[in-house]
Amino acid sequence: MSNDAQTSTLTDGFHLVIDALKLNGISNIYGLPGIPVTDLTRMMQAEGMRVISFRHEANAGNAAAIAGFMNGAKGVPGVCLTVSAPGFLNALVALANATTNCWPMILISGSSEREIVDLSQGDYEEMDQLAIAKPLCKAAFRVLNAEDIGVGIARAIRAAVSGRPGGVYLDLPAKLFSQTMDAAAGKASLIKVVDPAPRQIPAPESIARALNLLKGAKKPLILLGKGAAYAQADADIQALVEKTGIPYLPMSMAKGILPDTHPQSAAAARSFVLPEADVVLLIGARLNWLLSHGKGKTWGGKDHKDWGGQKFIQIDIASTEFDSNVRIDAPIAGDIGSCVSALLAGVGNSWAKPPAEWTNAINDKKSKNIAKMAETLAKDPKPMNFHSALNVVRDIFKAHPDTLLVNEGANALDFTRSIVDMYKPRKRLDVGTWGVMGIGMGFAVAAAVESNQRVVAVCGDSAFGFSGMEVETIARYNLPVCVVIFNNNGVYRGTDVNPTGGADVAPTVFVKDARYEKLMEAFGGVGVYAQTSAELRKGIEDALKSGKPTLINAIIDETAGTESGRITSLNPAAAIKK
Ligand code: OXT
Ligand code: ADP
């Protein structure tokens, strides 16, 4: 047999990985090349996959995580590809963050040779990656033989997207890639995962129990979390809210499942509805720190341990979530699509709307808050403050509701959440459950790649710094991303001083009046220095019109921010003042 004839009947590890991913509808890879995966990235591109190559694996990982949020309900996880030890470690924050947020992501890392690693003989980038990844993700697998690649990738996909979604680690030792096997046998070894995120139908009695509770409520409330956005059951969720007439509160990334301008939105009366509600239906939201653990003053309790008296109905795919903080009176275990449609069937067309005293009281509170906000937004100070800058962003999202918003920072995050209305589901991508900085540019890249829409990333200047080098990635792939840096010269604000009077600036302060826009210009994109709201407006509008990679350095009053934004109280206070 000639060499050509011989190779044409063979396949290898490289091609089996690519074929297995493609077979399962995975076409975008977020990664960073190097030993032992450089050729894999080249071959992936040659085989028609989109390989988005980053400057740091943390950002590639964040991109994959948010791609998982955007597409997971369709059975497609986000995929990140890295080199061994240091590259792998760089991506772990994103893998852990994906798991914490319940987003399906697969981290594929090349690794060193088992026989050397296991004897600790000091291989190139030696590390027992599988053992390190395990506690940080939902599942971790290693493939040693080419004929197991199909199974390995199938297991990774299923583990990532089925049940409660999460991060999965897949360890591929260098030697695997060049292993060969008969091409036909290789093809036969691949698995196209059937129904990767199967429906989980709720028990009828759990639906009846929940409807009973809801029916008796005088002050019902629906709380939509990012699980509800993830599930892509938008029409049924909208119908449930509208048919019951129950006021709803969206968590940050659930904004837009119904337009924030919806008359039943209680977002502008948050601190009123939480303690007042008597029955709360949680859809894809956990009673974790973001909801004050379902108790304490936020919920009308006397102190932080005190239960406010609410009854809770909770829809979640993970039944281990129920009773995690307070009693769940009516747990509904199942996928949100199936659970909401079962509730809808029970609600029918003659559901009695909540008492008018409740909805009127909410509307009263809401209109007062909205009027107060409108007053603040109408001011146009120079330098800009968070409100005047966000007034511009708010107008722009109203006019361009398909645009995706990436958001990180402390004040830049909290003010954006309450000022900028979202009109469509899954358009707001932010720091999530951990409040993690550094998601900005990775999320922005994936948002543009996965959606083919314009993206505006509103980042605090500190937050931006964690992933800032990816401006080059945005420019290199010519992505329609407009980064808006709220530059107030530091972490939270720029006014702290070194109490010793020494030469070092305070730990929270950066170089004053830094010219961040020049970063984008350095890579051929558009840089804008915006000192007024008019300049900011023009900058974003131009970026949306042209689709060119743009970075706007929006100068914000350095005194404007508060410590940690809306979560100041989480900072421990010193017991002893020196
Ligand atoms: O009802 P009330 O009266 O209470 O009012 C509420 C609503 O009713 C009202 N509202 C409205 N009014 C009128 N109209 C409308 N439409 C409307 N909508 C709402 O507004 C208020 C507020 O509503 P909200 O937001 O819904 O309610 P609330 O009470 O805030 O909700 C509570 C929470 C907990 C759900 C919410 O606050 C929340 O989601 N918080 C998330 C907070 C978070 O995650 N923060 C990020 C982390 S902070 C810190 O950790 C930072 N670090 C450390 C660090 C991190 N994180 N990561 C890593 C890897 N390393 C270090 C750092 C370094 S932040 C940070 C950088 C900060 O500096 P930057 O320069 O980047 O940023 P700047 O601060 O901007 O300078
Ligand atoms: P938020 O921060 O917006 O309150 P969380 O991340 O705390 O949201 O909660 C999301 C919840 O949604 C998780 O408990 C997760 O198990 C659940 N979840 C995710 N996807 C689904 C789904 N398809 N069906 C049911 N529950 C889901």
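Here the structure is a predicted model, which is why all the values come from computation and not from measurement. (Residues numbered from 1 in each chain as written. Chains lettered and ligands numbered in written order. Predicted model: local features only at pLDDT ≥ 70, side-chain atom pairs only at ≥ 80, totals over all residues. Heavy atoms only, no water.)

A. Highlighting the side chain of threonine 508. For threonine 508, the position within the fold is in the loop between β17 (481-487) and α22 (517-522). You can call threonine 508 buried: its relative accessible area is 17%. At 2.7 Å, the side chain of threonine 508 forms a polar contact with the side chain of aspartate 496. Setting aside anything within four residues of it in sequence, one finds threonine 508 in contact with Asn489, Gly490, Val491, Arg493 and Asp496. (Helix = DSSP H or I, 4+ residues; strand = E, 2+ residues; numbered from the N terminus. Buried < 20%, exposed > 50% of the residue type's maximum accessible area, 1.4 Å probe, protein only. Polar contact = N/O pair within 3.5 Å; in protein donor to acceptor, adjacent residues only side chain to side chain. Contact = heavy atoms within 4.5 Å.)

B. Fine view of the UniProt feature "domain: Thiamine pyrophosphate enzyme TPP-binding" (unreviewed entry) in the protein chain. The feature "domain: Thiamine pyrophosphate enzyme TPP-binding" (unreviewed entry), as annotated in UniProt, sits at residues 419-553 in this numbering. With 33% helix and 19% strand, the stretch residues 419-553 has end C-alpha atoms that lie 20 Å from each other. (UniProt positions renumbered as here; feature names shortened; annotations may be inferred.)

C. Summary view of the nonpolar core. Grouped together as the largest cluster of nonpolar side chains are 92 residues, with contacts concentrated most on Tyr30, Leu224, Ile283 and Leu429. Of all hydrophobic cores here, the second largest spans 39 residues; its members include Phe14, Met44, Ile108 and Met181. (Core = buried A, V, L, I, M, F, W, Y, C linked by side-chain atoms within 4.5 Å.)

D. Fine view of the pairing of strand β7 (residues 167-173). Of all seven residues in β7, seven are buried; the element is thus mostly enclosed. Neither face of β7 is open: one carries Gly167, Tyr169, Asp171 and Pro173, the other Val168, Leu170 and Leu172, and all of them are buried. Where strand β5 (residues 105-111) meets β7, seven bridges bridge the pair, whose relative direction is parallel. Within the sheet, the bridge partner assigned to isoleucine 108 lies in β7 and is leucine 170. One ladder, built from four bridges, connects strand β6 (residues 139-142) with β7; its direction is parallel. Of the residues in β7, the one forming a bridge with alanine 139 is valine 168. (Pairing = 2+ DSSP bridges.)

E. Focus on helix α8 (residues 149-161). Look at α8: 18 Å from first C-alpha to last across 13 residues, which is about the 18 Å you get at 1.5 Å a residue. Along α8, ten of the 13 residues are buried, which leaves the element largely enclosed by surrounding structure. Looking only at α8, the buried set comprises Ile149, Gly150, Gly152, Ile153, Ala154, Ala156, Ile157, Ala159, Ala160 and Val161. Where α8 terminates, the next one or two residues include glycine 163, which has phi positive at roughly 60 degrees. (Expected span 1.5 Å × (residues − 1).)

F. Representation of the sheet that holds strand β9 (residues 220-224) within the structure. Pairing is parallel in the open sheet, where five strands are placed in the order β10-β9-β11-β12-β13. Of all strands in the sheet, those with a lone pairing partner are β10 (248-250) and β13 (330-333), marking the two edges. Shown here is a sheet whose adjacent strand axes are inclined to one another by a mean of 15 degrees, direction ignored. Of the pairings in the sheet, the one linking β9 to strand β11 (residues 279-283) comprises five bridges and is parallel in character. In the sheet register, leucine 223 faces β11, and the bridge partner there is leucine 282. (Axes fitted to C-alpha atoms, helices over the stretch in contact; angles between N-to-C directions.)

G. Seen up close, the domain arrangement of the protein chain. We note that the domain assignment places domain 1 (3-189), domain 2 (204-363) and domain 3 (379-577) within the protein chain. Put simply, the middle of domain 1 and the middle of domain 3, counted by C-alpha atoms, are 32 Å apart. Tallying the contact residues gives 23 residues for domain 1 and 27 residues for domain 3. Both sides of the domain 1 and domain 3 interface together cover about 2,100 Å² of buried area, and 62% of this is carbon and sulfur. Applying the counting rule to domain 1 against domain 3 returns one salt bridge. The shortest N-O distance in the salt bridge between arginine 55 and glutamate 472 comes to 3.0 Å. Here domain 1 and domain 3 share twelve residue pairs in polar contact (both at pLDDT 80 or more) between them. Of all the secondary-structure elements, those providing two or more residues to the side of domain 1 that touches domain 3 are β2 (28-31), β3 (50-53), α4 (57-71) and α5 (85-101). For the side of domain 1 that touches domain 3, the leading source of residues is α4, giving eight residues. The residue makeup of the side of domain 1 that touches domain 3, split by class, is twelve nonpolar, nine polar and two charged. (Domains from an automatic or database assignment. Buried area = accessible area lost by both parts, 1.4 Å probe. Salt bridge = Lys/Arg side-chain N within 4 Å of Asp/Glu carboxyl O. Nonpolar A, V, L, I, M, F, W, Y, C, P; charged D, E, K, R; others polar.)

H. Structural context of the site of ligand 1. Neighbouring ligand 1 are 34 residues; Ser271, Ala412, Arg417, Gly435 and Asp461 lie closest to it. Backbone polar atom of alanine 268 to an oxygen atom of ligand 1: 3.2 Å apart, as the coordinates give it. Arginine 417 is positioned such that a nitrogen or oxygen atom in its side chain is 2.7 Å from an oxygen atom of ligand 1. Taking 1,400 Å² as the accessible area of ligand 1 by itself, protein coverage stands at 79%. Counting residues per element, the ones that place at least two in the shell around ligand 1 are α14 (270-276), α16 (356-378), α18 (411-419) and α20 (461-465). A total of six residues in the shell around ligand 1 trace back to one element, the largest contributor, which is α18. Split into classes, the residues belonging to the shell around ligand 1 amount to 19 nonpolar, ten polar and five charged. (Near = heavy atom within 4 Å. Areas by Shrake-Rupley, 256 points an atom, 1.4 Å probe, with all protein chains shown as cover.)

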